[in-house]
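Secondary and tertiary structure notes
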Amino acid sequence: EYAKEGQGAYMGLAAMLICRAATGRVLRVESSGDFSGSVTSGEYDSVCGDRLAAAGTFREMVFFHEEALYPEFIVIYARVYDS
């Protein structure tokens, strides 16, 4: 959803970064808002925007500490759309 089409040699392609993540204690939310205080206070380690439960689409993880993520792969792909 967030990937933009590349330029030059990557025209028509998009990229996705696959990461290993240490989620710790996860705050699960179904509505939008600023939940950073729950993480910076130490109560939670990450936030899961549960759009799957709210709208039937996907889950989105938000991390506030870069140490919790380890980039593992870069996937270059072409989107295929139904006619």
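Figured I'd write up the structure that's included with this text.

Conventions we followed
Residues numbered from 1 in each chain as written. Predicted model: local features only at pLDDT ≥ 70, side-chain atom pairs only at ≥ 80, totals over all residues. Heavy atoms only, no water. Helix = DSSP H or I, 4+ residues; strand = E, 2+ residues; numbered from the N terminus. Rg over C-alpha atoms; globule rule 2.2 N^0.38 Å. Buried < 20%, exposed > 50% of the residue type's maximum accessible area, 1.4 Å probe, protein only. Contact = heavy atoms within 4.5 Å. Areas by Shrake-Rupley, 256 points an atom, 1.4 Å probe, with all protein chains shown as cover. Lys, Arg positive; Asp, Glu negative; His and termini not counted. Charge placed at Lys NZ, Arg CZ, Asp CG, Glu CD. Patch = residues over 30% accessible without salt bridge, like charges linked within 9 Å, V, L, I, M, F, W, Y side chains within 5 Å. Salt bridge = Lys/Arg side-chain N within 4 Å of Asp/Glu carboxyl O. 1 Å grid on protein atoms, 1.4 Å probe; cavity = no way out; pocket = protein on both sides within 12 Å on 5 of 7 lines; lining within 4 Å. Points joined across faces, edges and corners; volume = space filled by probe spheres on them. Nonpolar A, V, L, I, M, F, W, Y, C, P; charged D, E, K, R; others polar.

Some remarks on the overall build of the protein
Regarding its fold elements, the protein presents two helices and five strands. Mapped from its N terminus to its C terminus, the protein presents α and β elements in the order β-β-α-β-α-β-β. Expected size for 83 residues packed as a compact globule is a radius of gyration near 12 Å; at 16 Å, the protein overshoots this value by more than 25%. Counting over 83 residues, the protein shows a buried share of 13%. The long-range fraction of contacts in the protein, counting pairs at least 24 apart against all pairs at least 6 apart in sequence, stands at 44%. Just so you have it, the protein exposes about 6,500 Å², and 54% of that area is on carbon and sulfur atoms. With 7 positive and 12 negative side-chain charges, the protein shows a separation of 4 Å between the mean positions of the two kinds.

Re a nonpolar patch on the surface
A cluster of nonpolar side chains, contributed by Tyr 10, Leu 17, Ile 74 and Ile 76, occupies part of the molecular surface with about 440 Å² of accessible area. The residue Leu 17 is located in strand β1 (residues 14-21) in this model.

Some words on the layout of surface pockets
Quantified by volume, the largest pocket comes out at close to 460 Å³. Among the secondary structure elements, those contributing two or more residues to the lining of the largest pocket are β1, β4 (59-63) and β5 (69-77). Ranked by residue count, the leading element in the lining of the largest pocket is β1, at six residues. When its residues are assigned to classes, the lining of the largest pocket shows 13 nonpolar, one polar and three charged. Considered as a void within the structure, the second largest pocket measures approximately 250 Å³ in volume. Looking at the lining of the second largest pocket, the elements that each hand over two or more residues are β3 (46-50) and β4. With three residues, β3 is the largest single contributor of residues to the lining of the second largest pocket. Here the residues of the lining of the second largest pocket are counted per class, giving five nonpolar, five polar and five charged.

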